[in-house]
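# Observations on the model geometry
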Amino acid sequence: MSLTIAKTPGEVKAVIREWKKEGLSIGLVPTMGYLHEGHGSLIKKAVSENDRVMVSVFVNPIQFGPNEDLESYPRDFEADVKLIESLGADLVFHPEPSDMYEKDFSTTISVSGVSENLCGARRPGHFNGVCTVVTKLFNLSEADRAYFGQKDAQQLAVVKRMVRDLNANIEIVGCPIIREEDGLAKSSRNTYLSADERKAAVVLSKALKAGKEMIESGEKDASKVKAKISSVIDAEPLAKTDYVEICDWNLIEPVDIINNSVLVAIAVYIGKTRLIDNFIIEK
Ligand code: PAF
């Protein structure tokens, strides 16, 4: 099958209608474009598990705060299409913001609790924007499965909670973080880094590794693990910690003692670029 590019919700619906008539299973990979190997791994998995795959490429304005990087967010639709095609997906959805949000758009999906700490606390309204666009993409694609990277671990937890709470008829598939050779988690925002900043950015994975080693050697006191992670970050002159947190993985609420499954998550400014990374300990 050759790749179809749909620009409007109506065009997507026409394709999906045909797939549904044939009884085909559908996988959805929601993205904001500027695709890298992390996205590639989601698309590959979706292609291997579904009859048809839709990839959305849409920089969703309503998940950006007023002082965030909506305008400068990197875009390269031609390169994205090449990659998507080479990985065997079937449909790209690439709408304009006006195709997604009418002038009088008035509905927001808001998930409380799991969206309130970590990035939710630093980026007010961010997860409302994510949940609203993701719900629209679920409805348009009528997908059986949707694929999200663990790199945005809180996003994954929030979307899973939303799907559970709303009885949405879709399976959420979480996929591992893909890293550069030196450990830096792949991110479209890595492109903002200067050469020196790129070298410094390895501190995120280095700090997490130090924390993980402590937990694996039996440390249960979250404050000690957080202090170790912070000390590694603080030793890098170009880095400034936004948060270092250890949360219950199901609730996304900070814990003092590491007993159950935890998400160890950090957000760090390297120069002006805010990067996130994490690991999960499942118990
Ligand atoms: O993770 C992202 O790229 C975005 O938050 C998503 C899920 C595509 C929604 O805009």
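Residues numbered from 1 in each chain as written. Predicted model: local features only at pLDDT ≥ 70, side-chain atom pairs only at ≥ 80, totals over all residues. Heavy atoms only, no water.

## Quick look at the pairing of strand S6 (residues 171–175)
Of the pairings in the sheet, the one linking strand S5 (residues 145–149) to S6 comprises five bridges and is parallel in character. Each residue of the ladder has a partner; that of Gly149, found in S6, is Cys175. With helix H7 (residues 153–165) bridging S5 and its parallel neighbour S6, the resulting β-α-β unit is right-handed. (Pairing = 2+ DSSP bridges. Helix = DSSP H or I, 4+ residues; strand = E, 2+ residues; numbered from the N terminus. Right-handed = clockwise from strand over helix to strand, strands pointing away.)

## Some remarks on the nonpolar core
Phe138 and Ile172 are the most contacted members of the largest nonpolar core, which totals 48 residues. Counting residues per element, this core draws most heavily on helix H6 (residues 126–141), at eight residues. Setting aside its immediate chain neighbours within four residues, Ile172 contacts Phe138, Ala146, Phe148, Leu156, Val159, Lys160 and Val163. Among the nonpolar cores identified, the runner-up in size contains 28 residues, and Ala201, Ala207, Ile215 and Ile229 belong to it. (Core = buried A, V, L, I, M, F, W, Y, C linked by side-chain atoms within 4.5 Å. Buried < 20%, exposed > 50% of the residue type's maximum accessible area, 1.4 Å probe, protein only. Contact = heavy atoms within 4.5 Å.)

## Things to note about the sheet that holds strand S8 (residues 262–270)
The sheet built from three strands is open, its strands ordered S7-S8-S9 with antiparallel pairing. A strand with exactly one partner marks an edge of an open sheet, and here the two such strands are strand S7 (239–248) and strand S9 (273–281). For this sheet the average axis-to-axis angle between neighbouring strands, irrespective of direction, equals 15°. Its contacts with the sheet put helix H9 (residues 203–216) on S7, S8 and S9, and the angle it makes with S9 is roughly 20°. (Axes fitted to C-alpha atoms, helices over the stretch in contact; angles between N-to-C directions.)

## Notes on the sheet that holds strand S2 (residues 26–31)
What the six strands build is an open sheet, ordered S1-S4-S3-S2-S5-S6; its pairing is parallel. On the outer flanks of this sheet lie strand S1 (4–6) and S6, each paired with one strand and no other. Within this sheet the neighbouring strands show an average axis-to-axis angle of 25°, counted without direction. Most of the contacts of helix H2 (residues 37–49) go to S5, to which it runs at about 155°, and overall it touches S2, strand S3 (52–57), S5 and S6. Along the sheet, H6 makes contact with S2, S3, strand S4 (91–93), S5 and S6, crossing S2 at roughly 150°.

## Observations concerning the site of the ligand
If you check the shell around the ligand, you find Pro30, Thr31, Met32, Asn60, Gln63, Val130, Val133, Phe148, Asp152 and Gln155 and nothing else. A distance of 2.6 Å separates an oxygen atom of the ligand from a polar atom in the side chain of Gln63. Between the ligand and Gln155, the relevant distance is 2.7 Å, taken from an oxygen atom to a side-chain nitrogen or oxygen of the residue. If the ligand stood free it would expose 290 Å²; the protein chains cover 89% of that surface. Looking at the shell around the ligand, the elements that each hand over two or more residues are S2 and H6. (Near = heavy atom within 4 Å. Polar contact = N/O pair within 3.5 Å; in protein donor to acceptor, adjacent residues only side chain to side chain. Areas by Shrake-Rupley, 256 points an atom, 1.4 Å probe, with all protein chains shown as cover.)

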